[in-house]
Amino acid sequence: MTDTILEMRGISKEFPGVLALENVDLRVARGEIHALMGENGAGKSTLMKVLSGVYPHGTYGGDILVDGEVRAFRDIRDSEAAGIAIIHQELALIPQLSVAENIFLGNERTRGSGVVDWGRTIGDARALLARVGLREDPTAPVGSLSLGRQQLVEIAKALSKDVRLLILDEPTSALNETDSANLLRLLREFQGNGLTSILISHKLNEITQVADSITVLRDGRSIETLRTADGEVTEERIIRGMVGRDLDHRYPERTPRIGEVRFEVRDWTVDHPTRLDRRVVDGVDLAVRGGEIVGMAGLMGAGRTEFALSLFGRSYGRYVAGTLHKDGREIRVRDVGDAIAHGIAYVPEDRKELGLILDDDIRRNMTLAALGRVSRRGVLDPGQEVLRAGELRERLRIRSRDVFQRTGDLSGGNQQKVVLGKWMFAEPDLLILDEPTRGIDVGAKYEIYQIIHRLADQGKCVLLISSELPELLGMCDRVYAMSAGRVTGVLPRGRADQESLMRLMTAARPAGAAAPTTSEA
Amino acid sequence: MTAIRDAIRSNARQYGMVMALAVIVILFEILTGGLLLRPLNITNLIMQNSYVLILAIGMMLVIITGHIDLSVGSVVAFVGATSAVMLTGWGLPVPVVVVLALLTGGLIGAWQGFWIAYVRIPAFIVTLAGMLVFRGATMIVLGGESIGPLPESLRALGSGYVPDVAGGEVHLLTLLLGVLASAALVASQVRIRARGLRYGLPVGSRNLFVAKCAALVVVVMVFAYVLAIHNGIPIVGLVLVALIVAFSFVMNSTTVGRRIYAVGGSEKAAMLSGVKTRRTTFWVFVNMGVLSALAGLVFMARLNAATPRAGTMFELDAIAAAFIGGASAAGGVGTVVGAVVGALVMGVMNNGMSLIGLGVDWQQAIKGLVLLAAVAFDIYNKNRVGTSGAARRRAAQRPVPPPGDGGSEPGAPPPAARATGSGRG
């Protein structure tokens, strides 16, 4: 009998018309790292909100036992008092406030009667930062830190509340590989000091690395709990639990039919929009052939998104130099309108902020980039619009009531499909996809891969930016690696593997001795 | 029965406002002992509120793009002042002055739009500055005194009626226009429904549709009759109808309208979809300027004078009308018809409270509370419809995971920015 810190027994939570959780059991042993897995919408976040008191006692069925005692949390403060802290996917930091102020927000170090004790605030903050391995000035504004470091500040904040059970909701989804590894190492370190954590993540490799046990949720029910110690916990095993079926291949099969070079970028150079001395993209040369899926690998800050945005109608930074050629002829793309007219589409990394108008329905979002196709002399044809949007919805298998559903109410995978649909509707020749599967569950990922394949089979050029190396290796015909704004190498399928790509991604100079470059680019 | 309930629920925002207006009208009809809906008073209502209605239409567009315009009252005064000088001082003919006035409004809008769209100064600040600048400019132009009276042909814009062809007891042309308007309304409804059926769009039941058309015709014809037994249609009424139809069409059925909504919904997403967001914002402010100028002309014509204090607080009436009519402070949401209904709610309340002899002090306070209540009701309703309506239940019947982890949880409140007035602007 292991020592149980937390037990959730028969948790049910109903929203009007929807049973989000149904009789879910979760048992977490003291001192372990417990992973919670499941597709989007399986109920992971809801379960954690029940646990942390976001949904107060009385609004759900079942019992929460902490250290064997039934607890009834009325709000987050209650659960924090019991030593449970949750770090949400979207960081709850205030960028303008300093690191120290953020750490003690709502929990200020005072000299009694509400006067802030700055000495203790800074001193304690420094000690907490040291615990998470962060050497930052506690008075620096949080907004000046990288995302990975902000995540660590969040953890320091949780530690300041004497946390015993730390819940992390997709902590690494926005982090690059180094920062993710760093974070997981830290979790292990805390585990050594007796901290229990619950980790929600979509990244199977991370889970199999660090978790002691894994509870799988599906459609609001707890399916099973696997223990790493028992062996036989493989990625395939977890996937089967999550989707309820075997997913033989994580990447669909495809026989590439690659044609001539259609798009070519020469010497593309871009400066930072405000800091003029910073060159973000430095002399990038790149070519994409018809029917080819070209990948772009790189660490955070390598300049991939910036490159894509500046190519897409100079939507980022200050254009310095470079030319863009389509079918051998130079084209001028000075704004997004030009880019669309020349058949370029860009599916952004941040689909909620940049890809969709969340308040608008599927139909309106899908036609926005090519309103000319459903209008005549500026007057819309509403019937045509609904018809075309409906076709795309079917083709992309978007799970929604109809095309009049608000995109803000869709799940991540379906939102991404709407963004894809929007650009498919514009019928581009070059489709730039920036992290198209980030934060999307396994099943929807597969469907998105299939869509990408179909587009390539139609002879379109695809430029796929991804931080997941297996995805690039599984999907792309060629992969460019970027580091510090430069292309450091390009590897064809077959010659690319994780190690060689990682070497290029961390290379300081292009085409170094350790970086074999093919001549075909 | 369920069809009706569904129809009402899915259009709760629109119907809610119309029903609120109906309730307010009935309430004051009773309180005033039938004075409110007397033909003379109806005509008065139109004329009294025409300039706020014109401003509310423009303001709705501004608010949809996520901005605000505090300067419209001062622009009304400024355009009135310059026009009066042109008419009486320089002796320019009325048509020329009207064109120049609208042009002035457009230039003012362009000036403010430039700072907002291209320099990216918050509209609140730019138009607050504009409010002071143009109020000051009005006083400079007028030298602190009123100019009047004005030429008869201009005054018709504020207080004239469409002349009758036959000239009897009852205004025949007005009735004829009423019939034409009814026919056009029914025809457009039928066309929309036919198109819906053709493309398999959701259309209500046939009976409901017939009832809706009948109700529309009755309302239009009663309205026309009431006007006909008084003096006929006010000229400004025709101008208003034209504006409402034109702007509704632009916002609902053209790519321009779609882009305006997109800019307000998410400027970045719109920009990355190829919408020229700055240019769109710029032209929305130019439009606001032109409409402010038109409102200025109408107001001056009605007053038969240009005064330094003209248009004071008009901006607040227009903004209140837009929000009562269902606009969202965060942008991206709202309809032209909503703005009109909102302005009518304010107008009927003003008029009704004056008729029962309530002081201006009480009127102000009550209007303020109504504004707050309307928006609160709207937000309450949105939360409920968004999470528990028939839609949600239908969605649950399919093997679809509820919108979950990554997105918004069912039952979770919508982003607070939508609900609070802080937004942009």
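How each quantity is defined
Per-chain numbering applies: the sequence of each chain, read as written, is numbered from 1 onward. For this description, chains carry letters from A and ligands carry numbers from 1, given in the order in which they are written. Where totals are concerned, whole chains, interfaces and linings use all residues; where local detail is concerned, this predicted model gives features only for residues with pLDDT of at least 70, and gives and counts side-chain atom pairs only at 80 or more. Values reported for side chains reflect all heavy atoms of the structure, with hydrogen atoms and water molecules removed beforehand. By definition, any uninterrupted DSSP run of H or I lasting at least four residues is a helix, any uninterrupted run of E lasting at least two residues is a strand, and each is numbered from the N terminus. In what follows, residue pairs with any heavy atoms lying within 4.5 Å of each other are defined as contacts. Using a 1.4 Å probe, accessible areas were evaluated by the Shrake-Rupley method; residue-level cover was limited to the displayed protein chains. For every residue, the accessible area obtained with a 1.4 Å probe (protein chains only) is divided by the maximum for its type, and the residue is called buried under 20%, exposed over 50%, and partly exposed between those limits. Multiplying 1.5 Å by the residue count of a helix minus one yields the expected span of that helix. A pair of Phe, Tyr and Trp rings is counted when the ring centres sit within 6.5 Å of each other, with Trp represented by its six-membered ring. The angle between the planes then sorts it: under 30 degrees is stacked, over 60 is edge-to-face, the rest tilted. Any Lys NZ or Arg CZ found within 6 Å of a ring centre and within 35 degrees of that ring's normal is scored as a charge over the ring. Only residues whose relative accessible area exceeds 30% and that form no salt bridge are eligible for patches; like-charged ones are grouped when within 9 Å, while nonpolar side chains (Val, Leu, Ile, Met, Phe, Trp, Tyr) are grouped when within 5 Å. In what follows, salt bridge is the name for a side-chain nitrogen of Lys or Arg lying within 4 Å of a carboxyl oxygen of Asp or Glu. Any two strands with at least two DSSP bridges between them are considered paired. Interaxial angles span 0 to 180 degrees and are taken between N-to-C directions of axes, which are lines fitted to C-alpha atoms, for helices over the stretch in contact.

Draft legend 1. Local environment of the overall build of chain A. Helix and strand counts for chain A come out as 17 helices and 22 strands. Across chain A, contacts joining residues at least 24 apart in sequence account for 67% of those joining residues at least 6 apart. About 21,100 Å² of surface is accessible on chain A, with carbon and sulfur atoms providing 45% of the total.

Draft legend 2. Seen up close, the overall build of chain B. A count of helices and strands for chain B gives 18 helices and 0 strands. For chain B, buried positions account for 49% of its 425 residues. Looking at chain B alone, contacts between residues at least 24 apart form 79% of all its contacts between residues at least 6 apart. Just so you have it, chain B exposes about 19,300 Å², and 71% of that area is on carbon and sulfur atoms.

Draft legend 3. Here's a closer look at helix H5 (residues 147–159) of chain A. Residues and elements named next belong to chain A. For H5, with 13 residues, the first-to-last C-alpha span of 19 Å sits near the 18 Å given by 1.5 Å per residue. The buried count for H5 comes to 11 of 13 residues, which makes it a mostly enclosed element. The complete set of buried residues in H5 reads Gly148, Gln150, Gln151, Leu152, Val153, Glu154, Ile155, Ala156, Lys157, Ala158 and Leu159. Where H5 is buried, its residues touch strand E6 (84–87), helix H3 (99–103), helix H4 (118–131), strand E7 (165–169) and helix H6 (177–192).

Draft legend 4. Structural view of the packing of aromatic side chains. Under the definition given, this model contains 13 aromatic pairs over all chains. Measuring from ring centre to ring centre gives 5.3 Å for A:Trp268 and A:Tyr319, while their planes differ by 65 degrees; the resulting arrangement is edge-to-face. Of this pair, A:Trp268 sits in strand E11 (residues 261–271) while A:Tyr319 is found in strand E14 (residues 318–326), placing the two residues 51 residues apart along the sequence. Classification of A:Tyr319 by relative accessible area gives partly exposed; the value is 33%. On the numbers, 4.8 Å between centres and 80 degrees between planes, the contact of B:Tyr51 with B:Phe299 is edge-to-face. Taken together, the positions of B:Tyr51 in helix H3 (residues 39–64) and B:Phe299 in helix H13 (residues 277–303) put the pair 248 residues apart, joining distant regions of the chain. Ring pairing ties together the aromatic residues B:Trp111, B:Phe114, B:Trp115, B:Tyr118, B:Phe282 and B:Trp283, which thus form one cluster. The ring centre of A:Tyr55 lies 4.5 Å from the NZ or CZ of A:Lys13, which sits over that ring. One cation-aromatic arrangement involves B:Arg193 over B:Phe209; the distance from NZ or CZ to the ring centre is 4.9 Å.

Draft legend 5. Spatial organisation of a nonpolar patch on the surface. Residues and elements named next belong to chain B. Where nonpolar side chains cluster on the molecular surface, the patch consists of Leu27, Leu31, Leu35, Leu355 and Ile356 and spans about 390 Å² of accessible area. Locating Leu27 in the fold gives a position in helix H2 (residues 12–31). Exposure remark for Leu27: the relative accessible area of 45% places this residue in the partly exposed category.

Draft legend 6. The pairing of strand E9 (residues 213–218) of chain A, seen in detail. Residue and element names in this part refer to chain A. Across the 6 residues that make up E9, a large majority, 5, are buried. Two elements, strand E3 (residues 33–37) and E9, share 4 bridges in a ladder whose sense is parallel. Looking at E9, one finds that Leu36 is bridged to Thr215. Where E9 meets strand E10 (residues 221–227), 6 bridges bridge the pair, whose relative direction is antiparallel. Residue pairing for E10: Arg218 is matched across the bridge by Arg221.

Draft legend 7. Looking closely at the sheet that holds strand E20 (residues 461–465) of chain A. Residues and elements named next belong to chain A. Spatial ordering of the open sheet is given by E16-E19-E20-E13-E21-E22, a layout of 6 strands whose pairing is mixed. Across the chains shown, the open sheet's two edge strands, defined by having one partner strand only, are strand E16 (344–347) and strand E22 (486–492). Averaged over all pairs of adjacent strands, the angle between strand axes in this sheet comes to 20 degrees, irrespective of strand direction. Alignment of strand E13 (residues 293–298) against strand E21 (residues 478–483), held across 5 bridges, turns out to be parallel. Among the inter-strand pairings, Gly295 is bridged to a residue of E21, identified as Val479. Packed onto the sheet, helix H9 (residues 304–311) meets E13, E16, strand E19 (430–434), E20 and E21 and runs at close to 135 degrees relative to E13. Each of E13, E19 and E20 is contacted by helix H15 (residues 442–457), which is oriented at about 130 degrees to E13, the strand it contacts most.

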